[in-house]
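In case you want the letters, here they are:
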Amino acid sequence: MAARAGGAAGAAGGVVATGDVAAQAAGGAARVGALAPLGVRIFRWLWIAGLISNIGGWMQTVGAQWFLVEQHASPAVIALVSTASAAPVLLFGIPAGVLGEFANRRLLLIGVQSIQALTALALALLTAAGAMTPVLLLALTFALGTASAVQLPAYQAIVPEIVPTKLIANAASLSSIGVNVARAIGPALAGLTIASLGIPFVFALNATSFAGLLLVLVLWRGYRPPKADREPFLSATRAGLRYVAHAGVVRRLYLQLLLFIVPANALWALLPVLADARLNLDSNGYGLLLAALGVGSIGGAFLIPKLRDAWGTSRLIAATSALYGLGIAGVALSNTLLITLPVLVLVGLAWIGVIATLNGTVQSFLPAWVRTRGLSVYQLVLFGGTALGATVAGALGTSIGVVVTVAGAGGVVVLTAVWLLFRPLLPTTGKSRVLAPMPLTDVPPVELTAGPDDGPVTGAVTGAGDRADARASADGTAAPHGRPPLDPDGSTLVIVRYEIADADRVRFLELMRRVEQSRRRTGARTWTLYDDREHPGFIVEAFTVGSWREHLSQHRSRTTGYDTEISDAARALSRSGPVVDHLVSIAVPRHAHPSDTDPPTPTPTPTPTLQPKAEEKP
């Protein structure tokens, strides 16, 4: 499916707040009506416009696939429609996450929607003129997918800004419902439109569907971009990837998503072929199959929260994965519409149970400072897995047959469910996601920045005496004892000294494994623990951060309650208060080589030294 902004994650089936970590949000939402977020005016209009846009997106997907069917394209080429829609996220998802984190999201969405509308219009005009070819169709589909890859992280991040906290869970559920209503309506409308007016008219309707969301965004005058700690693009990209790499809960969720989505996508990629060759259906019949999937997804959006509360996240995903795998195997083997339709309803329910639950758990767990970048990695896995799955399914469908390919993919999905029973998802209970700024203890509580006329700035902060003087500079422009101010972009080394009793050493080292992951999640690039050989009983933690500015962000906006709990547990084992030193890199001046006319530097006269005797130690 061509991903669209409406519903926060088109192909992801929306976002449902799930998992123990979202208990407070879900609890708050349970006391208000399920439709309460629609009372927020801008959310209501964005939701309606997004619904229309998603309907157009599904019509576009059906039209593209059916165009290739009429061109007698091979299953591999037909499956490339899904690949062309999803592959751009693989290429541009991470940069898009950085843009969505720091750019003016409203203006970004306006620009992207305009590009999508023009691209869809070109697709309609070329098809109507008879100039469309399979290669050109896939190229324009890729262009639409690229625009979607850019806008999805921004849209996901904008919804929590406009909806009160207690309504976020219900807003996410409404987004999921909107996506799946479009899944039910769009294919059916596409089938009717193709049969009566032709494929070019379907593409034209898709171009028109962008207008509603574009109009809402243009008329939305009250938007104020959130304030965020600005970061260089590459630094922000590395920070997002570094967080995901060192967040065990998030990594495990992404792995489960990848294991599911690659084989699961065989159905979406090859369903047009099954409809044509197995069930002898025309475009109307194919739309009916997709509508059955959409109906099941809508039912799942209401049923899944109750099942999650009863079974927990891991068991729910295992059960719905098994149901999905068995269902698509049954669809592949069925040659009767009366059997295929009800099975597809169950498959649609299972799909929303896996995808929306994983997406909601990730969104609830990611801290605010990295949520957009973290979700862009989620999209990278989702759409990258979709592209890979569609490509593999198309190739296998051509070589061994569509029925065997889809049925075999169902068996692989069932195996992922069995694996999940033995390797469940990591628990999220007790890991607070609330922002908990940490005071800069023992260091200057202000940013020390270079003046406008300063050249390469230098400086370091270390030792208690320096700290007292540095605090005297409230604006951060004056330096203690007339020293140059600190370079806010200078690489920073943080050293923490702990005094640990022998009896607490093993426990302390265990805690420091968790401290390391916390430091790396929030920005540390290197981390090492040392024994102080000159001072027995002291253990030294040293880690580097890309810049002093980024280290301030570690304290100010990146630390969650869970990170604080980990750090406090380690600090509590220190017999004396941990001593913290901060060193900021110095730009060493590069001097020119002395010329031949410069007077030679006099060579100092060696000073005699006494050599130790052989039996003495130096």
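Residues numbered from 1 in each chain as written. Predicted model: local features only at pLDDT ≥ 70, side-chain atom pairs only at ≥ 80, totals over all residues. Heavy atoms only, no water.

Enquirer: Help me understand the sheet that holds strand S4 (residues 579-584), please; the structure alone is not making it clear to me.
Expert: Here four strands make up an open sheet; going across it, the order is S2-S3-S1-S4 and the pairing antiparallel. Each edge of the sheet is formed by a strand with only one pairing partner; in this case those strands are strand S2 (524-531) and S4. Within the sheet, the average angular offset between the axes of one strand and its neighbour, ignoring direction, is 15°. Sheet analysis places strand S1 (residues 492-499) next to strand S3 (residues 538-545), joined by eight bridges and oriented antiparallel. Within S3, the residue paired with Leu 493 across the bridge is Thr 544. (Pairing = 2+ DSSP bridges. Helix = DSSP H or I, 4+ residues; strand = E, 2+ residues; numbered from the N terminus. Axes fitted to C-alpha atoms, helices over the stretch in contact; angles between N-to-C directions.)

Enquirer: Help me out: how do you make sense of the pairing of S1 in this one?
Expert: Regular strands have side chains that alternate between both faces of the sheet. Pairing geometry for S1 and S4, over six bridges, is antiparallel. Paired with Val 496 across the two strands is Val 580, which belongs to S4.

Enquirer: What am I meant to see in the nonpolar core here?
Expert: Across soluble globular proteins, you tend to see nonpolar side chains buried next to one another. Leu 46, Tyr 243, Tyr 254, Leu 267 and Tyr 324 are the most contacted members of the largest nonpolar core, which has 119 residues in total. Sorting elements by how many residues they give to this core places helix H9 (residues 248-278) first, with 17 residues. Excluding residues within four positions of it along the chain, Leu 267 makes contact with Leu 293, Tyr 324, Ile 328, Val 331, Leu 344 and Val 347. By size, the runner-up hydrophobic cluster in this structure holds 18 residues, among which are Val 496, Val 545, Tyr 562 and Ile 566. (Core = buried A, V, L, I, M, F, W, Y, C linked by side-chain atoms within 4.5 Å. Buried < 20%, exposed > 50% of the residue type's maximum accessible area, 1.4 Å probe, protein only. Contact = heavy atoms within 4.5 Å.)

Enquirer: Got a minute to help me understand a nonpolar patch on the surface in this structure?
Expert: Judged by side-chain polarity, Leu 388, Val 392, Leu 396, Ile 400 and Val 404 come together as a nonpolar surface patch covering roughly 410 Å² of accessible area. The biggest single contributor to the nonpolar patch is helix H13 (residues 371-400), with four residues. Here Val 404 is to be found in helix H14 (residues 402-422). (Patch = residues over 30% accessible without salt bridge, like charges linked within 9 Å, V, L, I, M, F, W, Y side chains within 5 Å. Areas by Shrake-Rupley, 256 points an atom, 1.4 Å probe, with all protein chains shown as cover. Salt bridge = Lys/Arg side-chain N within 4 Å of Asp/Glu carboxyl O.)

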